[in-house]
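# Coordinate inspection notes
Spelled out from the first residue to the last, the chains are:
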Amino acid sequence: MYASYGFGYSIPKAVKYLLIANIAVFVATSVLPVVFGIRFSFNYLFGLVPYYITHYFMIWQFFTYMYLHSNLMHIGFNLFALWMFGTELEHNWGSRDFFKFYTVCGIGGGVLVWLASFVNLTDPVVTTIGASGAIFGLLVAYGLMWPDRIILLFGIIPMKALHFVIVFAAINLYYGMTGAGNIAWFAHLGGGVTGFIYLKYGWRIMVHMESMLRRLKRRKFTVIQGGKNKSDSQDRQYTDLDDEVNRILDKISASGMESLDDRERRILKRASKRREKQ
């Protein structure tokens, strides 16, 4: 079975806005210095430079670096992968959860580059830019959700999506440890590891926290309907749904997203919509 990727899907909101944002930033950073004679490099201010983060507390770089790209091939490859893998993921998760996942993976990639600089695995004064960390997080999610989909390694060798993720991670780890090439290997690894942890534990933690906050904020009404307190009935309904969501999250933690059936996916979507309304 061959992966459907983005084919057959309309481009969803978050993927579309991410594509527009990346292209707009690339055009701006390419054109503004030429048109207005700007002498400083955007990359030093908004790219990820571990030394600047450590000594000047420029922590916004953990976020902004993923929207900068060096050339047309760099941005073209990343945006193609964003569309190819991100479209189907967003259609399954919804725009809010997809954008949150993408951003967390990108930040995780930057954090690992920064941490690696302390043990001399990355150069603290070298600038890291690009969305590759976030993209590898999407690839990990794709491999976990549809492990048997076929992906072409290097555009030639067919292999299952999960195997592709493992091979790609191994390649990045090897080259990262040997310091080969001018590629941010640890940004890729950081995004992938962050995506894996987030899928296994992140949503469960967030749902538990939001459930606790709802219980603290929930107001008690005295309206009596059908001989029962309306608030009590609503509380039981919310509690039942929370319990079911927690059971599904435990299943995801143990067996991955691909283990869910259609009913469980509908329950997660229903819980997500309820959270957005609150």
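Source: prediction; values computed, not measured.

## Section: the overall build of the protein
Of regular secondary structure, the protein possesses 11 helices and 4 strands. When each of the 278 residues of the protein is scored for burial, the buried share is 45%. Sequence-distant contacts, at least 24 apart, represent 70% of the contacts inside the protein between residues at least 6 apart. Accessible area of the protein: about 15300 Å², with a carbon and sulfur share of 65%.

## Brief notes about the pattern of salt bridges
Using the criterion set out here, one finds 3 salt bridges in the structure. Notably, a salt bridge pairs aspartate 148 with lysine 160, separated by 3.6 Å at the nearest N-O pair. Taken as a pair, aspartate 148 in the loop between helix H7 (132-145) and strand S1 (150-153) and lysine 160 in strand S2 (residues 157-160) lie far apart in primary sequence, 12 residues in all. Arginine 247 serves as the salt-bridge partner of glutamate 264, at 3.2 Å between the closest nitrogen and oxygen. Taken together, the residues glutamate 264 in helix H11 (residues 262-277) and arginine 247 in helix H10 (residues 230-255) connect sequence positions 17 residues apart. Take arginine 247: its relative accessible area is 36%, and that puts it in the partly exposed class.

## Here's the deal with the nonpolar core
Counting residues in each nonpolar core, the largest one holds 59 residues, and the members touching the most others are Leu82, Trp93, Phe98, Tyr102 and Leu138. The leading source of residues in this core is H7, at 10 residues. Once residues lying within four places of it in the same chain are set aside, the contact partners of phenylalanine 98 are Ala14, Val15, Leu18, Leu82, Gly86, Leu89, Glu90, Trp93 and Leu138.

## Points about the pairing of S2
In regular strands, side chains alternate between the two faces of the sheet. Pairing of S1 with S2 involves 4 bridges; the strand directions are antiparallel. Bridged to isoleucine 151 within S2 is methionine 159. Counting the residues that bridge the hairpin from S1 to S2 gives 3 residues, and of these phenylalanine 154 lies at a positive phi of roughly 55°.

## Quick look at the confidence of the model for the protein
Summarising the model, the protein shows a mean pLDDT of 82, and 77% of its residues fall at 70 or more. When mean pLDDT is taken per element in the protein, helix H4 (residues 61-64) scores highest with 97 and strand S3 (residues 224-225) scores lowest with 43. In the predicted structure, residues 219-235 sits below a pLDDT of 50 and forms 14 contacts with residues beyond four places in sequence or in another chain.

## As for a nonpolar patch on the surface
Side chains of Leu115, Phe118, Val119, Leu121, Leu173 and Met177 sit close together on the surface and give an oily, nonpolar patch of about 560 Å² of accessible area. The residue methionine 177 is located in helix H8 (residues 161-178) in this model.

## What to know about H8
Between the first and last C-alpha of H8 there are 26 Å, a value that for 18 residues agrees with the 26 Å anticipated at 1.5 Å per step. Within H8 the residues assigned to the buried category are Ala161, Phe164, Val165, Asn172 and Gly176. Along the axis of H8, the buried residues cluster in a sector spanning 100°; they form a single face. Set apart from the buried face of H8 by more than 90 degrees, the exposed residues are Ile166 and Tyr174. At the exit of H8 stands glycine 179, carrying a positive phi of roughly 70°.

## Focus on the side chain of threonine 128
Take threonine 128: it is sitting in the loop between helix H6 (95-117) and H7. Look at threonine 128 and you get buried, because its relative accessible area is 10%. In this view, threonine 128 contacts Gly47, Leu48, Tyr65, Val113, Ala184 and Ala187; residues no more than four positions away in its chain are not counted.

## Some remarks on the side chain of glutamate 90
Within the fold, glutamate 90 resides in helix H5 (residues 72-93). The side chain of glutamate 90 sits in the buried core without any salt bridge; lysine 13 is the nearest counter-charge, 7.0 Å away.

Parameters and conventions
- For every chain, the first residue of the written sequence is number 1, and numbering continues from 1 onward in sequence order.
- Residues qualify for local features only when their pLDDT is at least 70, as the model is predicted, and side-chain atom pairs are given and counted only at 80 or more; totals for whole chains, interfaces and linings, by contrast, use all residues.
- Calculated side-chain values reflect all of the structure's heavy atoms, with hydrogen atoms and water omitted.
- Runs of H or I in DSSP of at least four residues are treated as helices and runs of E of at least two as strands, each being numbered from the N terminus.
- Accessible area is worked out with a 1.4 Å probe on protein chains only. A residue is then buried under 20% of its type maximum, exposed over 50%, and partly exposed in between.
- Pairs of residues are marked as contacts when any of their non-hydrogen atoms sit within 4.5 Å.
- Surface accessibility follows the Shrake-Rupley procedure with a 1.4 Å probe radius. Residue values consider only the protein chains on display as shielding.
- Here, a salt bridge means any Lys or Arg side-chain nitrogen found within 4 Å of an Asp or Glu carboxyl oxygen.
- The nonpolar core is taken to be a set of buried Ala, Val, Leu, Ile, Met, Phe, Trp, Tyr and Cys residues, with the residues joined through side-chain atoms within 4.5 Å.
- When DSSP finds two or more bridges between a pair of strands, those strands are recorded as paired.
- Every residue is assigned a pLDDT by the predictor, reflecting its confidence on a scale from 0 to 100.
- Residues enter patches when their relative accessible area tops 30% and they take part in no salt bridge; the joining distance is 9 Å for like charges and 5 Å for the nonpolar side chains Val, Leu, Ile, Met, Phe, Trp and Tyr.
- One less than the number of residues in a helix, times 1.5 Å, gives the span that helix is expected to have.
- By construction, the arc corresponds to the directions joining the helix axis to the C-beta atoms.
- Only four residue types enter the tally: Lys and Arg on the positive side, Asp and Glu on the negative side; His and the chain ends are excluded.

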